Amino acid sequence: MTDKVRVIISNRQKEVKVPTGVRMLVRRCCHAVLLEEGFDGSAEVSVSFVDNGQIHELNKQYRDTDSETDVLSFPLGEDGVYDINHDTGAKMLGDIIISLPKAVAQAEEYGHSLQREIAFLTVHSMLHLLGYDHEDGGLEAVRMREKEETVLTKLGLKRNDSYYIDGE
């Protein structure tokens, strides 16, 4: 059973105003993933909002990919073993970096709210921090997508009927 989840949120960009309630939403997403996964003990996660330039630089530096992306995950654990914050005893899961301008663009593209997009990116990244990977596609990617949708549905953020916007 998840004891306590500490989510440290920082806004390191000025391009997009962080909507009211988003910080609480991010915390709820992190907690919901840990609950769904049956995570044991206390956990600590860092979430940062950045702009496209910042995430581009991080993507290039850490993934050798010379482009912007929507979200990056930097897990601190491996195979269920995590560093411990000696002050709190919490397992340090890692860092989530979300490009807020990219989230805005994707929300518009997919026809749902910015809140839904930020929630999806947070849940997606939390699963990465817990060891899930979709890079190779296949069953692992399908399992990850199912888990994302399960958590988002439980949070009342069920996916729209379609991710495609009809051209007008």
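Whatever comes next refers back to the structure up there.
First things first, this report covers the structure right here in the doc. Bear in mind the structure is a predicted one, so any value in this text is a computation, not a measurement.

**Some words on the environment of Gln54**
For step 1, the next point in the chain: With respect to the helices and strands, Gln54 occurs in helix 2 (residues 52-63).
For step 2, the next point in the chain: Given the relative accessible area of 28%, Gln54 is considered partly exposed.
For step 3, the next point in the chain: Within polar-contact distance, the side chain of Gln54 engages the backbone nitrogen of Asp51 at 2.7 Å.

**Some thoughts on the state of the cysteines**
For step 1, the next point in the chain: Applying the stated criterion across every chain, the model contains zero disulfides.
For step 2, the next point in the chain: Its sulfur unpaired, Cys29 is 6.8 Å from the next cysteine sulfur, which belongs to Cys30.

**Focus on the pattern of salt bridges**
For step 1, the next point in the chain: If you walk through the whole model with that rule in mind, you get seven salt bridges.
For step 2, the next point in the chain: We note a salt bridge from Glu149 to Arg116, for which the minimum N-O separation is 3.4 Å. One end of the pair, Glu149, is in helix 5 (residues 138-154); the other, Arg116, is in helix 4 (residues 114-129), and 33 residues separate them in sequence. Taken individually, Glu149 and Arg116 each receive the classification buried, so the pair is uniform in this respect.

Rules and cut-offs
Residues numbered from 1 in each chain as written. Predicted model: local features only at pLDDT ≥ 70, side-chain atom pairs only at ≥ 80, totals over all residues. Heavy atoms only, no water. Helix = DSSP H or I, 4+ residues; strand = E, 2+ residues; numbered from the N terminus. Buried < 20%, exposed > 50% of the residue type's maximum accessible area, 1.4 Å probe, protein only. Polar contact = N/O pair within 3.5 Å; in protein donor to acceptor, adjacent residues only side chain to side chain. Disulfide = S-S within 2.5 Å. Salt bridge = Lys/Arg side-chain N within 4 Å of Asp/Glu carboxyl O.

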